[in-house]
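What follows is each chain in one-letter form.
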Amino acid sequence: MRRSRESDEAKLDISQPDDHAAGIPGVAVALKRSLQKMGPRRSARTLLNLNQAEGFDCMSCAWPDPDPGHRHTAEFCENGAKAVAEEATTARATPEFFARHSIAELDGHSEHWLGQQGRITHPMIKKPGATHYEPIEWDAAFRLIGGQLKALASPDEAIFYTSGRTSNEAAFCYQLFVRAYGTNNLPDSSNMCHESSSYALAETIGIGKASVTLNDVHNARLLILAGQNPGTNHPRMLSALETAKHNGAKIIAVNPLREAGLINFRNPQKPRGLVGKGTDLADLYLPIKINGDLALFQAWGALLVEWNALDHEFIERYTRGFESWRAHVSAIDWDFVVATTGLSRELITEAARLIRDSDQTVFCWAMGLTQHHNAVATISEIVNLALAQGNIGKPGAGLLPVRGHSNVQGDRSMGICESPPSHFLDRLQAEFGFQPPREDGYDTVDAIRALRDGEAKIFIGLGGNFVQAAPDTEVTAAALRRAQLTVHISTKINRSHLTCGTTALILPTLGRTEIDVQASGPQVVSVEDSTCSVHASRGPLAPASPQLRSEVAIVTALAEATLDDRYDIDWHGMRDDYRNIRRLIARTVPGCKSYEVNVSRPGGFVMEHPPRDSRTFPTKSGRAEFTVSAIEALQAPPGHLILQTVRSHDQFNTTIYGFSDRYRGVEGGRQVVFVNPRDISELGFHDGDIVDLVTHWPGDDHARRVQGFRLVAYQTPRGSAAAYYPETNPLVPLDSTAIGSNTPTSKSVIIRLQQSGMAQSTQAGGQEPVGADDHHKGELQAPYLS
């Protein structure tokens, strides 16, 4: 009998949200989880080494570390400790475990239950037609994969996905293997999150990375936090905000949901946090409607122009396109701005005065801005504001896309990208003597389409949980099942392992917490954080199983099994001693000269960033670019809401730690949808009702539905709703993506609520035929109106 995934959850309880302060309660939670999963000795050994100069980098978010001399003994947050406990758990998923549980049975469990089964100890295979995974020897696994890759009609029939946890050394080897094999099909997790940031920044300032350091955050006079929830998604950022406030900074928070991490922080490292009221963070909170940010930023620009609060010298010397931008924002329709943002003109103006009065402003944002149809335009508008006041290339100012996965930026620096720059390919060709492919490969959305359409036949995932992270879950799962071979390089069981191609392999790898010993001795890997700082990472624990291999060892063995001695690349030497990889990185990756020496320093080094370092802008024009974008607003038809998918406080990306979202008052479950109380009433429902969420994408012959969500009255703007992913990912259409970046629009899903149980024959997360009225509603859903 198929087990309901929801039956793994505790009883759902809704209470008043604890939205007054973030910080202190997490200490007890983190320590309790650590002791339960690791025991006292392993907890001490890992947590005291976490984010230390001679320790290992947190596998959670990518927030930068303080300088080595300014780190606390406990340099971690609640969710970082949870991430360590998940990886360093003493639980094990052995071959005997897989023999007891069929794939179908495992697939009936929740993502949380799967994660609690512990570390995978042996390489496993699901053979064609089999119902269970069984053990396979490493050499046999490599021969099988290499043989199938060699047999493809074209290298472009293989997909090589990367998750953000992969080290720089493994990422470099992976992209080298894939390009030597003959394809640029290197989609990664960034395609689904900050791709819009990378695209917009590359077009406007010439480099798709943050233009600030951690010290700039500390010394800013004004910080603008837009579309992010630091208390849950990057909690160590709260310490930096506290420091900035202590130094006199003002903070503007722009977010549809009122989040604890935007309001107050009780720092457990300081007496004021332990016994006092903590530190108030946001001086001004703007509860913006979903997708109203572009209109808000242009309104701010209009006011700066009106007040002549501009850095004319910077504009003249370093930028292009200012006059067109000034004319555009000067003509904005204030009535449209107010309707689109849900904010009063007075509140918008109050925030603009803070911007006007600051000569050192840092703009911070996350996926609340990047996962919309007009995300690239929105982020380009942030750049416009920074350029207008010269807030790039000086202390205490700049642009900060806050990355949500620990090395997603480092992977990009190492060449994990479906559309690599020609200068990087030129360096690979000069170093290794082969012609890398020059055609763009598949990003994540296009990779799913290729698998769905039979144009791709092999999927290899270096980390991550692709099925749960990607949009349109049912479409993604069906696409993977069409593959002739799926391979996942992983530490623990997840849903993607149960969404099998004809043949499926799980290759268990070392985690960040573990000692990596190769032929030359213990190894060190390196990572890059959100502010371009690169540093070493070395785990303190013995591996969970003697069968585990490092990511570098697995990737280089795959290369040997697939390429044989093609191009005479020394994969064996890279595997035996990672210093050999870093020498190659130094010769081929921009900004990595003397990489081995620099990364070995305590705290590592900061990669070059021309706009930040010298106000040099490597764009086509050689100047920073003002851009002009029409204000667009996603309009929901009557009876509908705009849904954004969000994390719970008890998860990291697709990893579910537990069922406590205490800052929002949710305990014991995840099937909830947050809606304004007046919207609940006007739509004919009551707080606590159980509803289905239904959406329709124009051109499809089916509606998407997820079932059994409890309505929670919450402080959010009218017409806006929020619910957790990955549970709501089935509602995000594969074809609904951001212009330019092709990022799924997970923050812009138009839904209607339906009393649960009214669907005739659909499953949770499933699809259903569309009736005549559904087509009508769907046609109203799609357009952005300007």
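In this text, all values refer to a predicted model and were calculated from it rather than measured experimentally. (Residues numbered from 1 in each chain as written. Predicted model: local features only at pLDDT ≥ 70, side-chain atom pairs only at ≥ 80, totals over all residues. Heavy atoms only, no water.)

### Section: the overall build of the protein chain
- Tallying secondary structure elements over the protein chain gives 31 helices and 37 strands in all.
- On C-alpha atoms alone, the protein chain measures out to a radius of gyration of 25 Å, which is about the 28 Å that the 2.2 N^0.38 rule sets for 786 residues.
- Across its three principal directions, the C-alpha atoms of the protein chain cover 70 × 60 × 55 Å.
- Counting all 786 residues of the protein chain, 66% fall into the buried class.
- Split by element, the accessible area of the protein chain, about 27000 Å² in all, is 50% carbon and sulfur. (Helix = DSSP H or I, 4+ residues; strand = E, 2+ residues; numbered from the N terminus. Rg over C-alpha atoms; globule rule 2.2 N^0.38 Å. Buried < 20%, exposed > 50% of the residue type's maximum accessible area, 1.4 Å probe, protein only. Areas by Shrake-Rupley, 256 points an atom, 1.4 Å probe, with all protein chains shown as cover.)

### Side note on the packing of helix 22 (residues 444-452) against helix 24 (residues 473-481)
- The interhelical angle for the contact between helix 22 and helix 24, taken along N-to-C directions, is 55 degrees, at an axis separation of 8 Å. Compared by their axis directions, helix 22 and helix 24 come out oblique. Considering only the axes of helix 22 and helix 24, their crossing is left-handed. Note on element contacts: helix 24 touches helix 22 through Val475, Thr476, Ala479 and Leu480, opposite Ile448, Leu451 and Arg452.
- For the contact of helix 22 with helix 24, the class distribution of residues is 5 nonpolar, 1 polar and 1 charged. (Axes fitted to C-alpha atoms, helices over the stretch in contact; angles between N-to-C directions. Parallel < 35°, antiparallel > 145°, perpendicular 65-115°, else oblique. Left-handed = near helix turned anticlockwise from the far one by under 90°. Contact = heavy atoms within 4.5 Å. Nonpolar A, V, L, I, M, F, W, Y, C, P; charged D, E, K, R; others polar.)

### Observations regarding the sheet that holds strand 15 (residues 398-401)
- The strand order 12-9-8-14-15 describes an open sheet built from 5 strands, whose pairing is parallel. In the strand order of this sheet, the two ends are held by strand 12 (284-286) and strand 15, each with one partner. For this sheet, the mean inter-axis angle between neighbouring strands, taken without regard to orientation, is 15 degrees.
- Relative to strand 15, strand 14 (residues 361-365) runs parallel, the two being bridged by 4 bridges. Each residue of the ladder has a partner; that of Phe363, found in strand 15, is Leu399.
- Helix 17 (residues 345-356) contacts strand 8 (222-226), strand 9 (250-254) and strand 12 of the sheet and is inclined by roughly 130 degrees relative to strand 12. (Pairing = 2+ DSSP bridges.)

### A short note on the environment of Ala352
- Considering the arrangement of structural elements, one finds Ala352 in helix 17.
- Its relative accessible area of 1% is what places Ala352 among the buried residues.
- For the pair Ala352 and Leu634, spaced 282 residues apart in the sequence, the C-alpha separation amounts to 24 Å.
- Contacts of Ala352, omitting those with residues within four sequence positions, involve Trp300, Leu303, Leu304 and Trp307.

### Some details on the sheet that holds strand 7 (residues 158-162)
- Spatially, the 6 strands line up as an open sheet ordered 6-5-18-17-16-7, and their pairing is mixed. What marks the edges here is a single partner per strand, and that holds for strand 6 (134-135) and strand 7.
- Packed on one face of the sheet, helix 7 (residues 168-181) meets strand 7 and strand 16 (458-462) and runs near 165 degrees to strand 7.

### Digging into the side chain of Asn191
- One can find Asn191 in the loop between helix 7 and helix 8 (195-204).
- For Asn191, the side chain forms a polar contact with the side chain of Glu195, separated by 2.8 Å.
- The contacts of Asn191, once residues within four sequence positions are left out, are Arg412, Glu418, Asp443, Thr444, Asn742, Thr743 and Pro744. (Polar contact = N/O pair within 3.5 Å; in protein donor to acceptor, adjacent residues only side chain to side chain.)

### Quick notes on the side chain of Ser190
- The topology assignment puts Ser190 in the loop between helix 7 and helix 8.
- Apart from the residues lying within four places of it in its own chain, the contact partners of Ser190 are Glu195, Arg403, Val408 and Arg412.

### With respect to unusual backbone geometry
- Cis geometry marks the peptide bond from Tyr725 to Pro726; its omega dihedral reads 10 degrees.
- Here Pro726 shows up in the loop between strand 34 (720-724) and strand 35 (749-755).
- In this model, Ser594 sits at a positive phi of 55 degrees, which is unusual for a non-glycine residue.
- Unlike most non-glycine residues, Asn653 shows phi in positive territory, near 50 degrees.
- With respect to the helices and strands, the residue Asn653 is situated in the loop between strand 27 (651-652) and strand 28 (655-656).

### Let's talk about the environment of Tyr567
- Along the polypeptide, Tyr567 turns up in the loop between helix 25 (551-563) and helix 26 (571-576).
- Given a relative accessible area of 36%, Tyr567 falls into the partly exposed group.
- Sequence-wise, Tyr567 and Ala180 are 387 residues apart; in three dimensions their C-alpha atoms are separated by 8.0 Å.
- Residue contacts for Tyr567: discarding those within four places in its chain leaves Ala180, Phe432 and Phe434.

### As for the pairing of strand 14
- Taken across its 5 residues, strand 14 has 5 buried, putting it largely inside the fold.
- Burial of strand 14 is two-sided: the residues Thr361, Phe363 and Trp365 facing one way and the residues Val362 and Cys364 facing the other way are all buried.
- Of the strand pairs in this sheet, strand 8 and strand 14 are connected by 5 bridges, and their pairing is parallel. Bridging across to strand 14, Ala226 finds its partner in Trp365.

### Looking at the pattern of salt bridges
- Under the counting rule described, the total for this entry stands at 44 salt bridges.
- Where salt bridges share partners, they join Arg33, Glu78, Lys82, Asp650 and Arg662 into one cluster. (Salt bridge = Lys/Arg side-chain N within 4 Å of Asp/Glu carboxyl O.)

### Observations regarding the nonpolar core
- Grouped together as the largest cluster of nonpolar side chains are 60 residues, with contacts concentrated most on Ile145, Leu149, Phe160, Phe172, Leu176, Phe177 and Leu507.
- In terms of residue count, helix 7 provides more of this core than any other element does, 10 residues in total.
- With 55 residues, the next largest nonpolar core counts Ile224, Leu286, Trp300 and Leu310 among its residues. (Core = buried A, V, L, I, M, F, W, Y, C linked by side-chain atoms within 4.5 Å.)

### Examining the packing of helix 7 against helix 25
- At their nearest, the axes of helix 7 and helix 25 sit 9 Å apart, and the two run at 15 degrees to each other. Classified by the interaxial angle, the pair formed by helix 7 and helix 25 is roughly parallel. Here helix 7 and helix 25 pass one another in a crossing that is left-handed. Contacts between helix 7 and helix 25 pair Glu169, Ala170, Cys173, Tyr174, Phe177, Ala180 and Tyr181 from the former with Glu551, Val552, Val555, Thr556, Leu558, Ala559, Thr562 and Leu563 from the latter.
- Taken together, the residues of the contact of helix 7 with helix 25 break down into 11 nonpolar, 2 polar and 2 charged.

### Focus: the packing of aromatic side chains
- For the structure shown, the criterion picks out 21 aromatic pairs.
- Seen in terms of ring centroids, Phe98 and Tyr133 are 5.8 Å apart; in terms of plane orientation they differ by 70 degrees. Their pairing is edge-to-face. Of this pair, Phe98 sits in helix 3 (residues 95-100) while Tyr133 is found in the loop between strand 5 (124-126) and strand 6, placing the two residues 35 residues apart along the sequence.
- Since its relative accessible area comes to 1%, Phe98 is described here as buried. (Phe/Tyr/Trp six-rings, centres within 6.5 Å; stacked < 30°, edge-to-face > 60°.)

### So, the state of the cysteines
- Under the criterion given, the structure shown has 0 disulfides.
- Among the cysteines around Cys592, which has no disulfide bond, Cys532 carries the closest sulfur, lying 11 Å off. (Disulfide = S-S within 2.5 Å.)

### Some points on the confidence of the model for the protein chain
- With 92% of its residues at a pLDDT of 70 or more, the protein chain shows a mean pLDDT of 92.
- Confidence drops under a pLDDT of 50 for residues 760-764, and excluding neighbours within four residues, the segment shows 8 contacts in the predicted structure.
- When the criterion is pLDDT under 50, residues 770-786 qualifies, and its contacts beyond four places in sequence or with other chains add up to 45 contacts. (pLDDT = per-residue confidence, 0-100.)

### Describing helix 8
- Judged by how many residues are buried, helix 8 sits mostly within the fold: 7 of 10 residues are covered.
- Taken together, the buried positions of helix 8 are Glu195, Ser196, Ser197, Ser198, Ala200, Leu201 and Thr204.
- In this structure, the buried residues of helix 8 make contact with strand 14, helix 18 (367-370), helix 19 (375-388), strand 15, helix 20 (408-413) and strand 24 (624-625).
- Immediately downstream of helix 8, the backbone of Gly206 shows phi near 95 degrees, a positive value.

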